[in-house]
Amino acid sequence: GVLEIPIATFRLLGLTLRADPLYSSLLISAAKRYHASAKQIGRPFPFVVMTHSSECTRSDGTPTRTLDELVRFIERMRSEPGVEFSTLREAAPRVR
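Residues numbered from 1 in each chain as written. Predicted model: local features only at pLDDT ≥ 70, side-chain atom pairs only at ≥ 80, totals over all residues. Heavy atoms only, no water.

### A few points about the overall build of the protein
Phase 1 of the analysis: Broken down by element type, the protein carries 3 helices and 2 strands.
Phase 2 of the analysis: Seen in sequence order, the protein has helices and strands lined up from the N terminus as β-β-α-α-α.
Phase 3 of the analysis: Expressed as lengths along the three principal axes of its C-alpha atoms, the size of the protein is roughly 45 × 25 × 25 Å.
Phase 4 of the analysis: Scored against the burial criterion, the 96 residues of the protein give a buried share of 25%.
Phase 5 of the analysis: Pairs at least 24 residues apart make up 46% of the contacts formed inside the protein by residues separated by at least 6 positions. (Helix = DSSP H or I, 4+ residues; strand = E, 2+ residues; numbered from the N terminus. Buried < 20%, exposed > 50% of the residue type's maximum accessible area, 1.4 Å probe, protein only. Contact = heavy atoms within 4.5 Å.)

### Looking at the packing of aromatic side chains
Phase 1 of the analysis: Tallied over the entire structure, the rule returns 2 aromatic pairs.
Phase 2 of the analysis: Ring geometry for Phe73 versus Phe85: centroids 6.4 Å apart, planes at 85 degrees, classification edge-to-face. Of the two residues, Phe73 is situated in helix α2 (residues 65-78) and Phe85 in the loop between α2 and α3 (88-95); the sequence distance between them amounts to 12 residues.
Phase 3 of the analysis: By relative accessible area, which is 39% here, Phe85 ends up partly exposed. (Phe/Tyr/Trp six-rings, centres within 6.5 Å; stacked < 30°, edge-to-face > 60°.)

### With respect to the side chain of Thr64
Phase 1 of the analysis: The topology assignment puts Thr64 in the loop between α1 (24-41) and α2.
Phase 2 of the analysis: Reaching out from Thr64, the side chain makes a polar contact with the backbone oxygen of Glu55 at a distance of 2.5 Å.
Phase 3 of the analysis: Ignoring any residue separated from it by four or fewer positions in sequence, one finds Thr64 in contact with Glu55, Cys56, Thr57 and Arg58. (Polar contact = N/O pair within 3.5 Å; in protein donor to acceptor, adjacent residues only side chain to side chain.)

### Describing the nonpolar core
Phase 1 of the analysis: Counting 12 residues, the largest nonpolar core consists of Ala8, Phe10, Leu12, Leu17, Ala19, Leu27, Ile28, Ala30, Ala31, Met50, Phe73 and Met77.
Phase 2 of the analysis: Broken down by element, the residue count for this core peaks at 4 residues, all from α1.
Phase 3 of the analysis: Excluding residues that lie within four positions of it along the chain, Met77 makes contacts with Ile28, Ala31, Lys32, Val83 and Phe85. (Core = buried A, V, L, I, M, F, W, Y, C linked by side-chain atoms within 4.5 Å.)

### Considerations on the layout of surface pockets
Phase 1 of the analysis: Approximately 820 Å³ is the volume found for the largest pocket.
Phase 2 of the analysis: Lining of the largest pocket is provided by 28 residues; of these, Phe45, Pro46, Phe47, Glu84 and Phe85 occupy positions nearest its centre.
Phase 3 of the analysis: Of all the secondary structure elements, the ones that give two or more residues to the lining of the largest pocket are α1, α2 and α3.
Phase 4 of the analysis: By residue number, the principal contributor to the lining of the largest pocket is α1, which donates 5 residues. (1 Å grid on protein atoms, 1.4 Å probe; cavity = no way out; pocket = protein on both sides within 12 Å on 5 of 7 lines; lining within 4 Å. Points joined across faces, edges and corners; volume = space filled by probe spheres on them.)

### A look at a nonpolar patch on the surface
Phase 1 of the analysis: Taken together, the side chains of Leu13, Tyr23 and Leu26 define a hydrophobic patch exposed on the protein surface, amounting to about 300 Å² of accessible area.
Phase 2 of the analysis: Residue position: Leu26 is located in helix α1.
Phase 3 of the analysis: Residue Leu26 is classed as partly exposed on the basis of its relative accessible area of 33%. (Patch = residues over 30% accessible without salt bridge, like charges linked within 9 Å, V, L, I, M, F, W, Y side chains within 5 Å. Areas by Shrake-Rupley, 256 points an atom, 1.4 Å probe, with all protein chains shown as cover. Salt bridge = Lys/Arg side-chain N within 4 Å of Asp/Glu carboxyl O.)

As structure tokens, this is what we get:
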């Protein structure tokens, strides 16, 4: 019964999807595509990934697939030249 309006989305293959680690390979493909576009425009290009912290661990503290996929996404994107991870506060002055 909760309506969630995603604030971070991406378009891939004609679909608009929520930028969530659960999309795994699609999320990585989209981030790589957006990164290629950023190189063409020659300035920082933010790509925001979102998830709820409650989706990352079970009640007993063990990790969920969401957390595993988020780690996979970060590891994969860190291998791309020129990709940086930062907080919104750190990135804001550079992308205005």
